[in-house]
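Notes for the structure review
Listed below, chain by chain, are the residues.
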Amino acid sequence: MGEKEGYLPFPRSFETICIHNSQDPNQWISKAVVPHIVPTTVFKIGDPRLPLKYTYSRFGNPNRTILERTLTAINKAKYGLCFASGISALTAILSALKHGGHIVSCEDVSPETYEVFNNVAPNYGICATFTDVNHMENLCSAIRDNTKLIWVENPTYTTLKVADLCTIANVARNAKILLGVDNTFLTPYLQRPLDFGANIIMQSMTKYINGHSDVIMGCICTNDRELSDQLQLMQVASGLNPSPIDCYQVLRGLKTLNLRMDQYLKNSVTLANYLRQHPAVEKVIHPGLKTHPQHDLLKTQASGHSGILSFYLRGDLAQCEKFLKHLKVFTVAEMCGGVESTIQIPFTMSHKHWKRDTKKRLMISENLIRLSVGLENICDLICDIESALEVFKQEPNCQ
Ligand SMILES: *Cc1c(COP(=O)(O)O)cnc(C)c1O
């Protein structure tokens, strides 16, 4: 694939690790090739004086152990923990910062994270400043004496800006601040932020990692022992743990992650190139295209891009809504990273509660469409878009 040229190589043995890590059939009596689902809440105590592997499933469960070990390996981390959702992983991070403090976050962050930083963090005595973290002056002037964390979503949620991880990690290290990266969109298959100096990786596995739109779960990976202990305390003592059945399901999804990501990239590049030449489309944002302002930066940090892309239509909100209504294969939904293609208008959907001036600054306008390309046949997806875009032809003001 031409567009793949110059990216970082794919991590070695990624798929082998996902398929086999911690899953040797010889370790169980049944010799099952696929790990058993262990839904039990409680484990029998033999001799209470001997160290126990498992006692109660909130503290630990075999399905969770297998998933966490595998995630730790593919994120090239020392420690990995799973949480009931991406957001509960974020809550654990807030708690690990200890009471009081300040976060500097990228501005075009996911609405879920925005909500946590704005409305939940204050309950922990923590406040957040949102800024363009790629702009060094803005980043440095946002840092305060009590700043404990820089938070970067890479690429960002709606306008898919790519952050320069090495440069931001240097700023964080010099100021003795942690750098956390939300790696939900690229997954460890395409981006491994610890290699670039990040301290924390968070992923909503609800999206690409599970990939089948049927589990909500999150994970955190780090090399920092003390931080991992704090996060684990939150996981088990505050009950932010995921269920064993969900862990089993996510592990299954993980085994085809690389194949799915390869196809998402192919489909999204093909669709982006189709959209680019369409007269009703004003602009396409896809970090995998040479026209993206940080395409070269992305290549130095990642092994590709996912199926998420955004574009601006030449029309008003009513026309954009009409376009969505005419789609038959795409599902109008705020979800991304599933096998099914989804599409939304952030202005009135995911970002409807955001202030108008913030949306304006971030170019989240009424004609911005965000979509997550799925694994359906690409010709069906293009035909679907093409016929729905006919609504623009009927309108005299869009030519
Ligand atoms: C969905 C999402 C989250 C929240 O994760 P949940 O699993 O829904 O709790 C956080 N960050 C990003 C980038 C997301 O897309």
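Being a predicted model, the structure only gives us computed values, none of them experimental.

Now for the pattern of salt bridges. Tallying each qualifying case throughout the model produces 5 salt bridges. A salt bridge links D195 to K76; the shortest N-O distance between them is 3.2 Å. Placement of D195 in the loop between α7 (187-190) and β6 (200-204) and of K76 in the loop between α2 (62-74) and β1 (79-83) is noted, with a sequence separation of 119 residues between them. For K76, a relative accessible area of 48% corresponds to the partly exposed category.

Let us look at the UniProt feature "modified residue: N6-(pyridoxal phosphate)lysine" (unreviewed entry) in the protein chain. Following the UniProt record, the feature "modified residue: N6-(pyridoxal phosphate)lysine" (unreviewed entry) maps to K207 here. Setting aside residues up to four positions removed in sequence, K207 forms contacts with E112, T184, M335, C336 and G337.

Here we take up the nonpolar core. Nonpolar side chains tend toward joint burial in soluble globular proteins. Residues L67, I93, W151, L179, M205, L231 and L254 are the most contacted members of the largest nonpolar core, which totals 84 residues. Two domains each donate at least three residues to this core, and these are domain 1 (2-254) and domain 2 (257-398). Residues in contact with L254, not counting those within four places in the same chain, are C18, L67, T70, L71, I74, I209 and R260. Judged by nonpolar contacts, the second largest core, of 33 residues, contains L313, F347, L381 and A388.

The next point concerns the domain arrangement of the protein chain. The parts lose accessible area when they come together, and the size of an interface is often stated as this lost area. Taken domain by domain, the protein chain consists of domain 1 (2-254) and domain 2 (257-398). Relative to domain 2, the C-alpha centre of domain 1 lies at a distance of 27 Å. Listed as interface residues are 47 residues of domain 1 and, on the opposing side, 50 residues of domain 2. Taking both sides of the interface into account, the surface hidden between domain 1 and domain 2 amounts to around 4,100 Å²; carbon and sulfur atoms contribute 59%. Inspection of the region where domain 1 meets domain 2 yields 1 salt bridge. For the salt bridge of E107 with R361, the shortest nitrogen-to-oxygen distance reads 2.6 Å. Connecting domain 1 to domain 2 are 24 residue pairs in polar contact (both at pLDDT 80 or more). Put simply, the parts of the chain that give the side of domain 1 that touches domain 2 at least two residues each are α1 (14-20), α4 (111-120), α6 (165-174), α7 and α9 (244-254).

Inspection of the region around the ligand gives 14 residues, with I87, D182, S204, T206 and K207 positioned closest. G86 places a polar main-chain atom, nitrogen or oxygen, 2.9 Å from an oxygen atom of the ligand. Here S110 contributes a side-chain N or O atom positioned 3.5 Å from a nitrogen atom of the ligand. Out of a free accessible area of 380 Å², the ligand has 93% covered by protein chains. Those elements giving two or more residues to the shell around the ligand turn out to be α3 (86-96) and α4.

Another aspect to go through is the sheet that holds strand β12 (residues 368-372). Pairing is mixed across the open sheet formed by 5 strands, whose spatial order is β8-β9-β12-β11-β10. At either end of the open sheet lies a strand with only one pairing partner, and these are β8 (281-285) and β10 (331-332).

Each aromatic ring pair is summarised here by two numbers: the centre-to-centre distance and the angle between the ring planes. Going through the model one piece at a time under the given rule, you end up with 11 aromatic pairs. Considering the side-chain rings of Y114 and F130, the 4.7 Å spacing of their centres and the 45 degrees angle between planes classify their relative orientation as tilted. Placement of Y114 in helix α4 and of F130 in strand β3 (residues 126-131) is noted, with a sequence separation of 16 residues between them. Taken together, the aromatic side chains of Y114, F117, F130, W151 and W354 make up a single cluster linked through ring pairs. Positioned above the aromatic ring of F347 is the side chain of K359, whose terminal nitrogen or guanidinium carbon lies 4.1 Å from the ring centre. Here the guanidinium or amino end of R370 rests over the ring plane of Y157, the centre of that ring lying 3.8 Å away.

What counts, and where the lines are drawn
- Residues numbered from 1 in each chain as written.
- Predicted model: local features only at pLDDT ≥ 70, side-chain atom pairs only at ≥ 80, totals over all residues.
- Heavy atoms only, no water.
- Salt bridge = Lys/Arg side-chain N within 4 Å of Asp/Glu carboxyl O.
- Helix = DSSP H or I, 4+ residues; strand = E, 2+ residues; numbered from the N terminus.
- Buried < 20%, exposed > 50% of the residue type's maximum accessible area, 1.4 Å probe, protein only.
- UniProt positions renumbered as here; feature names shortened; annotations may be inferred.
- Contact = heavy atoms within 4.5 Å.
- Core = buried A, V, L, I, M, F, W, Y, C linked by side-chain atoms within 4.5 Å.
- Domains from an automatic or database assignment.
- Buried area = accessible area lost by both parts, 1.4 Å probe.
- Polar contact = N/O pair within 3.5 Å; in protein donor to acceptor, adjacent residues only side chain to side chain.
- Near = heavy atom within 4 Å.
- Areas by Shrake-Rupley, 256 points an atom, 1.4 Å probe, with all protein chains shown as cover.
- Pairing = 2+ DSSP bridges.
- Phe/Tyr/Trp six-rings, centres within 6.5 Å; stacked < 30°, edge-to-face > 60°.
- Lys NZ or Arg CZ within 6 Å of the ring centre and 35° of its normal.

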